[in-house]
Amino acid sequence: MAKTVIIEQFGGPDELKIVDRPVGEPGPGEVRIRHERVGLNFIDIYQRTGLHPLELPHALGMEAAGVIEAVGEGVTHLKPGDRAAYAAMPPGAYAEARVMPARHVAPLPDEISFTQGAAMMLQGMTVEYLFQRTTPIKAGDTVLFHAAAGGVGLIACQWAKSEGITLIGTAGSDEKCHEARANGAAHCINYRTEDFVDRVRDLTDGKGVDVVMDSIGADTFFGSLDCLKPLGMMVSFGNASGPVPPFSLSELASRGSLKVTRPTLFTHIAQHETCMAMANRLFDKVISGAVKIHVDQRFPLDAVAEAHRLLEARKTTGSTVLIP
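Quick caveat: nothing in here was measured; it's all calculated off a predicted structure.

1. As for a negative patch on the surface
Line of reasoning, step 1. On the surface, D195, D198, D202 and D205 cluster together into a negatively charged patch.
Line of reasoning, step 2. Within the element layout of this structure, D202 appears in helix α5 (residues 196-203).
Line of reasoning, step 3. The exposure class assigned to D202 is exposed, which follows from its relative accessible area of 53%.

Right under this line is the structure:
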């Protein structure tokens, strides 16, 4: 049996329930992993509220790190006793242990702790695909990145600096802006005291940025478009403030023949080989010291509801982990 967090209906943090569930043995292509640490992400809130619907009842949680206890037939890249970490569908990481598909579970290098591993997989591989796989970005380009002091944002600040990319961040306080700059952002705009569109135009001498990476959604989408230079790329990869409303494609034409995409991590990691390549690139960045994983909040699994409240209220910085 394993303590597991589930929801039986969509709603607020109070819908999170802790139950004991049988774990079982892994089948072909599966592993059983005992979690040491579990990551918390905004997609967990989307699933809890029903923005990303699940068939109920359902366990939550998309990433974790721990030790492989057993492997099923056909699994060759992992063995019992291996340290491992993952970001993967289906949800179910908020648990002491689980059986899951092995194709998205990566061997975790000894140089990376379980806490780092649980905090970095979903967020770090998201940054990997944003900078390496979504649109060409080269040294000298300028990127606007919203929520630059969050878990994804702090990794993005460091990743951009390591690649010679100028990152302009936004955040909701002077303290968060300071943290973003300390992690490699060239500039950070406090959107509560400054108009980020005007400030971006000032910082780019009126030219705009090459790429916007926006996980906020409804509140920032059209302002983000106004920050792009002609032919620029808008990467909308989250909905923290709610989904982007429908809009006419002529909005893109009138702003300079802009491009827009709405990627997800899970499209990129669908193939085992690509998933492992993305994980290994992330591991290399962390082991080299180019990217440091900031875990600023830790909660026991029993306090998962409070962790959700703080994340949803945007009162966290860096990453948050749960301790089973």
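After presenting the structure, the write-up continues.
2. Points about unusual backbone geometry
Line of reasoning, step 1. The amide bond that connects L56 to the next residue, P57, takes the cis arrangement and shows omega of -5°.
Line of reasoning, step 2. Mapped onto the elements of the fold, P57 is located in the loop between α1 (42-49) and β4 (58-59).
Line of reasoning, step 3. For D205, which is not a glycine, the phi torsion comes out positive at approximately 55°.
Line of reasoning, step 4. Among the secondary structure elements, D205 is positioned in the loop between α5 and β12 (209-214).
Line of reasoning, step 5. For D205, a relative accessible area of 69% gives the class exposed.
Line of reasoning, step 6. Positive phi outside glycine occurs at R314, with the angle close to 55°.

3. Let's talk about the packing of α1 against helix α10 (residues 304-312)
Line of reasoning, step 1. Across the interface, α1 lies against α10 with an axial gap of 10 Å and an inter-helix angle of 105°. One element, α1, and the other, α10, form an angle in the roughly perpendicular class. Residues F42, D44, I45, R48 and T49 of α1 form the contact with α10, whose own contacting residues are H308, L311 and E312.

4. Some points on the pairing of strand β11 (residues 187-190)
Line of reasoning, step 1. Bridge count between strand β10 (residues 166-171) and β11: four bridges; the pairing is parallel. The residue of β11 that forms the bridge with I168 is H187.

5. With respect to the packing of helix α2 (residues 114-132) against helix α3 (residues 151-162)
Line of reasoning, step 1. Orientation of α2 relative to α3, taken along the N-to-C sense of each, is 45°, at an axis distance of 9 Å. Accordingly, the angle class assigned to the pair α2 and α3 is oblique. Here α2 and α3 pass one another in a crossing that is right-handed. Mapping the contact onto sequence places Q123, G124, T126, V127, E128, F131 and Q132 in α2 and G151, V152, I155, A156, W159 and A160 in α3.
Line of reasoning, step 2. Class assignment of the residues belonging to the contact of α2 with α3 gives a composition of seven nonpolar, five polar and one charged.

6. Brief notes about the pairing of strand β7 (residues 97-101)
Line of reasoning, step 1. Buried residues dominate β7, accounting for four of its five residues.
Line of reasoning, step 2. Pairing analysis gives five bridges linking strand β3 (residues 30-40) to β7, with the strands arranged antiparallel. Across the sheet, residue I33 finds its bridge partner in β7, namely R98.

7. Quick notes on the environment of G223
Line of reasoning, step 1. With respect to the helices, strands and loops of the structure, G223 is situated in helix α6 (residues 221-225).
Line of reasoning, step 2. Note: C-alpha distance between G223 and P245 (22 residues apart in sequence) is 13 Å.
Line of reasoning, step 3. Setting aside chain neighbours within four positions, we find G223 in contact with F196 and V197.

8. Points about the sheet that holds strand β1 (residues 2-7)
Line of reasoning, step 1. Here three strands make up an open sheet; going across it, the order is β2-β1-β4 and the pairing antiparallel. Two strands close off the open sheet at either side, each with one partner strand: β2 (16-21) and β4.
Line of reasoning, step 2. Two elements, β1 and β2, share six bridges in a ladder whose sense is antiparallel. Within β2, the position partnered with K3 by the bridge is D20.

9. Description of the nonpolar core
Line of reasoning, step 1. Counting 55 residues, the largest nonpolar core has M121, M125, F131 and M213 as its most contacted members.
Line of reasoning, step 2. Considering each element in turn, this core owes the most residues, 10 residues, to α2.
Line of reasoning, step 3. Filtering out sequence-adjacent residues up to four positions away, M121 remains in contact with E63, A85, Y86, A87, A106, A279, L282 and F283.
Line of reasoning, step 4. Membership of the second largest hydrophobic core comes to 29 residues, among which are A64, L78, Y86 and V105.

10. Digging into helix α9 (residues 272-288)
Line of reasoning, step 1. The end-to-end C-alpha separation of α9 is 24 Å, in line with the 24 Å expected for 17 residues at 1.5 Å each.
Line of reasoning, step 2. For α9, the complete set of buried residues consists of C275, M276, M278, A279, L282, F283, K285 and V286.
Line of reasoning, step 3. Looking at the buried residues of α9, the elements they touch are β8 (105-107), α2, α3 and α8 (265-268).
Line of reasoning, step 4. Positive phi appears at G289, one or two residues downstream of α9, with a value of about 90°.

11. Considerations on the environment of L225
Line of reasoning, step 1. Checked against the element boundaries, L225 lands in helix α6.
Line of reasoning, step 2. Overall, the relative accessible area of 1% leaves L225 in the buried class.
Line of reasoning, step 3. As for L225 and Q297, which are separated by 72 residues in sequence, their C-alpha atoms are 33 Å apart.

12. Focus: the packing of aromatic side chains
Line of reasoning, step 1. Counted by the stated rule, this structure contains five aromatic pairs.
Line of reasoning, step 2. Taking 5.1 Å as the distance between ring centres and 45° as the angle between the ring planes, the aromatic pair formed by F221 and F247 counts as tilted. With a gap of 26 residues between them, F221 in helix α6 and F247 in the loop between β13 (228-236) and α7 (250-254) connect regions that are remote in the sequence.
Line of reasoning, step 3. Here F221 falls in the buried class, since its relative accessible area comes to 3%.

The rules behind these values
Residues numbered from 1 in each chain as written. Predicted model: local features only at pLDDT ≥ 70, side-chain atom pairs only at ≥ 80, totals over all residues. Heavy atoms only, no water. Patch = residues over 30% accessible without salt bridge, like charges linked within 9 Å, V, L, I, M, F, W, Y side chains within 5 Å. Areas by Shrake-Rupley, 256 points an atom, 1.4 Å probe, with all protein chains shown as cover. Salt bridge = Lys/Arg side-chain N within 4 Å of Asp/Glu carboxyl O. Lys, Arg positive; Asp, Glu negative; His and termini not counted. Charge placed at Lys NZ, Arg CZ, Asp CG, Glu CD. Helix = DSSP H or I, 4+ residues; strand = E, 2+ residues; numbered from the N terminus. Buried < 20%, exposed > 50% of the residue type's maximum accessible area, 1.4 Å probe, protein only. Axes fitted to C-alpha atoms, helices over the stretch in contact; angles between N-to-C directions. Parallel < 35°, antiparallel > 145°, perpendicular 65-115°, else oblique. Contact = heavy atoms within 4.5 Å. Pairing = 2+ DSSP bridges. Left-handed = near helix turned anticlockwise from the far one by under 90°. Nonpolar A, V, L, I, M, F, W, Y, C, P; charged D, E, K, R; others polar. Core = buried A, V, L, I, M, F, W, Y, C linked by side-chain atoms within 4.5 Å. Expected span 1.5 Å × (residues − 1). Phe/Tyr/Trp six-rings, centres within 6.5 Å; stacked < 30°, edge-to-face > 60°.

Read these as spatial facts, not as claims about activity.
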